[in-house]
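Residues per chain, in single letters:
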Amino acid sequence: MTFREKAGQFRGFLRGIVWVHTIARKRSIVCKGVAMPDKLTEAVSSAIRELVDANHILFDQGVVDGFGHVSARHPDRADRFLLARSMAPALVTETDVLEFDLEGNPVEKGGPAAYLERFIHGEIYRKRPDVNAVVHSHSPSVVPFGVVAGTKLRPMFHMCGFLGAGTPVFEIRDFAGNGSDLLISNNHLGAALAQSLGKGPAVLMRGHGSTVVGSSLRQVVFRAVYTEVGARLQAEAMRLGPVTYLTEEETVATTNTIGTQIDRAWFLWLKAAQKRSMAG
Ligand SMILES: [Zn+2]
């Protein structure tokens, strides 16, 4: 690395520190109840806290590692969303959460680096008014189902009924050609992925990972964890012989029943993640 590059890197690092301190100061002012033009509402503060918890749970449950991200639609502005700065999910704290418009632009300029694939989130929120939370991950058991033609990820286990009739696979070559890095690194690819997701809860991304959506952070975390579990179980069952999948009626009935039990898993996973917390 040249001296010039090192100097540039150091300047970026300093900018990140200044930004984090500015945000921390603003939020501490809010905590003291002093009216500020940029005061966070209670709904936003609460969404940020839950988003931090979601980051930690997804790591603790093996859905994300150093990579992958989770976002929440802004509770007061449907045309914005909340997402951490570019960093490992297990290390995210409240001061790391940024606000973005649906184009994937950070609302506060001059802040730290954002995730390269933030366009996944903005384009899904734009296309799906019913979606309030999105998880993008490379969770390992799911990846094989995105690369084997003719083998669909389908629910064969009651906790995965939400997967419905089967999960679509997004082929990035159709939109970025044969030489892309497979990342959703612009709005054009984000919109194509959102189109492939359709009205469903999940879309697989060939050679890359998957994206899961939900009406809340708790629901999307539940779905992301059980998409990974369902993929692992389906692969194991397929090795044993022909698989009996849930009927369409069973997918609806199981989803309705399990949908009322999501908090039970959330609080267990949160406790486990807090016990093993890696965030400062
Ligand atoms: Zn990715």
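This report concerns the structure included in the present document.

## Concerning the pairing of strand β1 (residues 69-73)
Here comes step 1: Burial within β1 is extensive, with five of its five residues counted as buried.
Here comes step 2: Covered by surrounding structure in β1 are His69, Ser71 and Arg73 together with Val70 and Ala72, the residues of both alternating faces.
Here comes step 3: Of the pairings in the sheet, the one linking β1 to strand β4 (residues 133-137) comprises four bridges and is antiparallel in character. Bridge assignment links Val70 to a residue of β4, and that residue is Val135.
Here comes step 4: Relative to strand β2 (residues 80-84), β1 runs antiparallel, the two sharing three bridges. Paired with Ala72 across the two strands is Leu82, which belongs to β2.

## Brief notes about unusual backbone geometry
Here comes step 1: Unlike most non-glycine residues, Leu182 shows phi in positive territory, near 70°.
Here comes step 2: Mapping Leu182 onto the fold places it in the loop between α4 (173-176) and α5 (187-197).

## A closer look at the pairing of strand β6 (residues 202-205)
Here comes step 1: Of the two faces of β6, both are covered, the one formed by Ala202 and Leu204 as well as the one formed by Val203 and Met205.
Here comes step 2: Two strands pair when backbone bridges link them, and strand β5 (residues 169-170) and β6 are joined in this way by two bridges, in the parallel orientation. When the bridges of β6 are listed, Phe170 appears paired with Met205.
Here comes step 3: Joining the antiparallel neighbours β6 and strand β7 (residues 209-214) is a turn of three residues, in which Gly207 adopts a positive phi near 70°.

## As for the environment of Arg80
Here comes step 1: Along the chain, Arg80 falls in strand β2.
Here comes step 2: Sequence separation of Arg80 and Tyr125 is 45 residues, and the distance between their C-alpha atoms is 8.4 Å.
Here comes step 3: The contact partners of Arg80, leaving out residues within four places of it in the chain, are His74, Glu99, Phe100, Asp101 and Val107.

## Here's the deal with the packing of helix α6 (residues 217-240) against helix α8 (residues 262-275)
A pair of packed helices can be characterised by two numbers: the angle between their axes and the separation between those axes.
Here comes step 1: Remark: α6 packs on α8, axes separated minimally by 10 Å, with the N-to-C direction vectors making an angle of 80°. Judged by the angle between their axes, α6 and α8 are roughly perpendicular. Contact with α6, carried on its side by Arg218, Gln219, Val221 and Phe222, involves Ile262, Asp263, Ala265 and Trp266 of α8 and no other residues of that element.

What counts, and where the lines are drawn
Residues numbered from 1 in each chain as written. Predicted model: local features only at pLDDT ≥ 70, side-chain atom pairs only at ≥ 80, totals over all residues. Buried ≥ 20, exposed ≤ 12 C-beta atoms within 10 Å, placed from the backbone. Helix = DSSP H or I, 4+ residues; strand = E, 2+ residues; numbered from the N terminus. Pairing = 2+ DSSP bridges. Contact = placed C-beta atoms within 7 Å. Axes fitted to C-alpha atoms, helices over the stretch in contact; angles between N-to-C directions. Parallel < 35°, antiparallel > 145°, perpendicular 65-115°, else oblique.

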